[in-house]
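Each chain, written out:
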Amino acid sequence: MCCLKVIVFSALIAVVRGERRFPDAFKFGAATASYQVEGAWNVSDKSASIWDTFIHNNPSVIVDQSNGDVACDSYHKWREDVHLASELGLDFYRLSLSWPRLLPNGFSNYISEDGKRYYNDVINGLLEKGIEPVITLYHWDLPQRLQDLGGWANPLIVEWFADYARVVYDLFGDRIKSWITINEPVIVCEASYTMASFAPGIYSPGFGSYLCNKNVLLAHAKAWRLYDEEYKPKYGGKVSLTNQILWAQGYSEEYEDLAELVLQMSAGLYSYPIFSKEGGWPPSVEKYIAEKSAREGYTRSRLPPLTTDEIDFIKGTFDFYAVNYYTSRLVRNPKEGEKIGLWPLYGCEEINALMEPAPEWTPTSSNWFFENPEGLRRLLSWLKKNYGDVEYRIMENGYASDKRDLNDTNRVNYYKTHLEQVYLAITEDNVNVTYYTAWTLLDNFEWSDGYVSKFGLVDVDFTKPDRPRTPRSSAYYYANVISTRSLCDDDSKTNP
């Protein structure tokens, strides 16, 4: 691993004249999530999360019937992970906290000393290396004890989440300047309730998904206002939530309105209430679901209303807009006999929208993932048009492969082409993008794909008990980008 710095030093000497250089204040990082890397699922007093329960009870929901019981074993190997982050030269490292590791009861009446020690060690270890820790409060591992009480469909979770947030702010707020409350609420609600393919695996499309949607927004707002009122004056940090958005464009001109409705059903449901000047549900979505609910014979809309007080409470609860981007789709209405298929997510089943990749988009090893770098730039411009000239942070972007190749040229190309689109969004479209986050630092447990799908800059050998880590070519490429603050085109700089 020491050769990473040698390569970086060589890149500094060879900075290209007329380079495409990012702004001096722009920050590069990488991300992981607690369930995907920590392992140690039942160590000390940690309680079960919904993912522990979901997979242990239903191993067949995972492609390779694996689980996150050990994962990357980052609970024990966190020093090595911090060292890898330092070798890459990361400006920041985004990690999530395991709610049931820190609060085994789910509630704030008992804080685990072991959980507190672990996260203090990681945070302090990063700071000692000059790396900013970016903390996500919730990356999908809800305590099972709270799920037993209804989870995200229970309105009381707004208070439970705020209590959890207060504990975290009290414990770590003096050192953390960037917070994400909830990661990808569209997945929290849609993959869990519309598809039932993610924990807790409750099939309730059009009902549970919308209850979850509303409660996630209120929980985020409660945690944001708590920080803004009590902690921001002392620590000066920033808080937001992260939306995962699949860029959607019309299959042809006649479907552009449908593509816009897809974006409002996915991005808008979790953004418009927070980032728009008006607040509340996106008007096009609210109207559509109300009219469809009436046609279906319901006495009221399946989308739960937001009261005037709730609209005002949620509106404006952000310090930046955080977005995760991976792929894109073309949108059209299905032909007779066609099924929505793999993509009931993002409201597609609700609005009868079929999504498919363009023929020219390069496929990856994952059946949902096709490369469209231009989609990231278009998405950033769409966000600016809809939500204004705010600070935008890309909190996940990365490439999936089913191979353990160290010379991962496809991943290097993915980062090159997507970073170029970020650069163009900044320099030509004047989008205020300030953070870029590679997903992910390490190969890890990729939810329903188990260990088949690999996103890591660093290879992890899951066949060995000590989970050895080996940087890939993409790690060297990314380290060069970070060290030069520029796009690197010289392929010789990507090899160990």
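Residues numbered from 1 in each chain as written. Predicted model: local features only at pLDDT ≥ 70, side-chain atom pairs only at ≥ 80, totals over all residues. Heavy atoms only, no water.

Short version of the rule: UniProt positions are given in the numbering used here, feature names are shortened, and annotations may be inferred rather than shown by experiment.
The protein goes by Myrosinase 1-like in an unreviewed UniProt entry, where it is assigned to Pieris macdunnoughi. The Subunit (unreviewed entry) comment attached to the protein in UniProt states, word for word, "Homodimer."

1. Details of the overall build of the protein
What counts, and what does not: The helix count covers DSSP runs of H or I at least four residues long, the strand count covers runs of E at least two residues long, and both are numbered beginning at the N terminus. The globule rule used here is 2.2 Å times the number of residues to the 0.38 power, and the radius of gyration it is set against is calculated over C-alpha atoms. Here's how the labels work: a residue is buried when its accessible area is under 20% of the maximum for its type, exposed when over 50%, partly exposed in between, all with a 1.4 Å probe on protein chains only.
Assigned secondary structure in the protein consists of 17 helices and 15 strands. For a compact globule of 496 residues, the expected C-alpha radius of gyration is about 23 Å, and the protein comes in at 22 Å, within 12% of that figure. Projected onto its principal axes, the C-alpha coordinates of the protein cover approximately 65 × 55 × 50 Å. Here the protein holds 496 residues, and the buried ones make up 62% of them.

2. A few points about helix H15 (residues 373–387)
We count it as follows: Expected helix span is taken as 1.5 Å per residue step, with the number of steps being one fewer than the number of residues.
Relative to the 21 Å expected for 15 residues at 1.5 Å per residue, H15 spans 22 Å between its end C-alpha atoms, a close match to the ideal helical length. All buried positions along H15 are accounted for by Pro-373, Gly-375, Leu-376, Leu-379, Leu-380, Trp-382, Leu-383 and Tyr-387. Where H15 ends, the next residue or the one after it, Gly-388, has phi of about 95°, a positive value.

3. Details of the packing of H15 against helix H16 (residues 409–427)
This is how the line gets drawn: A fitted line through C-alpha atoms serves as each axis, taken over the contacting stretch for helices, and the angle formed by two N-to-C directions is quoted from 0 to 180°. Should an angle fall under 35 degrees it is called roughly parallel, over 145 degrees roughly antiparallel, and 65 to 115 degrees roughly perpendicular, with every other angle called oblique. Left-handed describes a crossing whose near helix is turned anticlockwise from the far helix through less than a right angle; right-handed describes the clockwise counterpart. Here a residue-residue contact requires only that any non-hydrogen atoms of the pair lie within 4.5 Å.
Between H15 and H16, whose axes approach to 8 Å, the crossing angle comes to 25°. By the angle between their directions, the pair H15 and H16 is classed as roughly parallel. Handedness of the crossing formed by H15 with H16: right-handed. On H16, the residues that touch Pro-373, Glu-374, Leu-376, Arg-377 and Leu-380 of H15 are Thr-417, His-418, Gln-421, Val-422, Leu-424 and Ala-425.

4. Brief notes about the side chain of Glu-396
As a reminder of what qualifies: Under the rule applied, a polar contact is a pair of N or O atoms within 3.5 Å (in protein, one hydrogen donor and one hydrogen acceptor; residues adjacent in sequence only if both atoms are side-chain atoms).
Relative to the helices and strands, Glu-396 resides in strand S12 (residues 392–397). Residue Glu-396 is classed as buried on the basis of its relative accessible area of 4%. Engagement of the side chain of Glu-396 in a polar contact is seen with the side chain of Tyr-326, the distance being 2.5 Å.

5. Here's the deal with the sheet that holds strand S5 (residues 238–244)
The criterion, for reference: Any two strands are treated as partners once DSSP identifies two or more bridges connecting them.
Taken in spatial order, the eight strands close into a barrel running S1-S2-S3-S4-S5-S7-S12-S13, and their pairing is parallel. Ignoring which end each strand starts from, the neighbouring axes of this sheet average 25° apart. Strand direction decides the pairing type here: S12 and strand S13 (residues 433–439), joined by four bridges, are parallel. Looking across to S13, one finds that Asn-397 is bridged to Ala-438. Sheet strands in contact with helix H8 (residues 157–172) are strand S3 (132–138), strand S4 (178–183) and S5, and its direction is about 160° off that of S3. The sheet strands contacting H16 are strand S1 (27–31), S12 and S13, and the helix crosses S13 at an angle near 170°.

6. Description of unusual backbone geometry
Residue Pro-200 is bonded to the preceding Ala-199 through a cis peptide linkage, with omega at 5°. Residue Thr-440 is reached from Trp-439 by a cis peptide bond, and omega for that bond is 10°. For Thr-440, the position within the fold is in the loop between S13 and strand S14 (458–460).

7. A short note on the pattern of salt bridges
Heads up, the rule is: By salt bridge we mean one thing: a side-chain nitrogen of Lys or Arg within 4 Å of a carboxyl oxygen of Asp or Glu.
On inspection of all chains with the given rule, the structure shows 36 salt bridges. Measuring nitrogen to oxygen at the nearest pair gives 3.9 Å for the salt bridge that ties Asp-228 to Lys-232. Residue Asp-228 and its partner Lys-232 are located together in helix H10 (residues 208–235), separated by four residues, close to a single helical turn. Glu-428 serves as the salt-bridge partner of Arg-377, at 3.3 Å between the closest nitrogen and oxygen. Pair noted here: Arg-377 is in helix H15 and Glu-428 is in the loop between H16 and S13, with a separation of 51 residues, a long-range link. Judged by its relative accessible area of 21%, Arg-377 falls in the partly exposed class. Here the salt bridges share partners, and the residues they tie into one network are Arg-404, Asp-443, Asp-459, Asp-461, Lys-464 and Arg-472.

8. Some details on the packing of aromatic side chains
Spelled out, the test is: The aromatic pairing rule takes the rings of Phe, Tyr and Trp, using the six-membered ring of Trp, and pairs them if the centres are within 6.5 Å, calling planes under 30 degrees apart stacked, those over 60 edge-to-face and the rest tilted. Here, over-ring charges are defined by two tests on the NZ atom of lysine or the CZ atom of arginine: distance to the ring centre within 6 Å, and angle to the ring normal within 35 degrees.
The final tally for this structure, using the stated rule, is 50 aromatic pairs. Their ring planes at 80° and their centres at 6.2 Å tell us that Phe-28 and Tyr-478 sit as a pair that is edge-to-face. One end of the pair, Phe-28, is in strand S1; the other, Tyr-478, is in helix H17 (residues 473–484), and 450 residues separate them in sequence. Taking relative accessible area as the criterion, Phe-28 reaches 0% and is therefore assigned buried. Ring geometry for Tyr-169 against Tyr-231: centres 5.2 Å apart, planes inclined by 55°, an arrangement best described as tilted. In this pair, Tyr-169 sits in helix H8 while Tyr-231 sits in helix H10, placing the two residues 62 residues apart along the sequence. A relative accessible area of 0% means that Tyr-169 is categorised as buried. Classification of Tyr-231 as buried rests on a relative accessible area of 2%. Between the NZ or CZ atom of Arg-302 and the centre of the ring of Phe-207, over which it lies, the distance is 5.9 Å.

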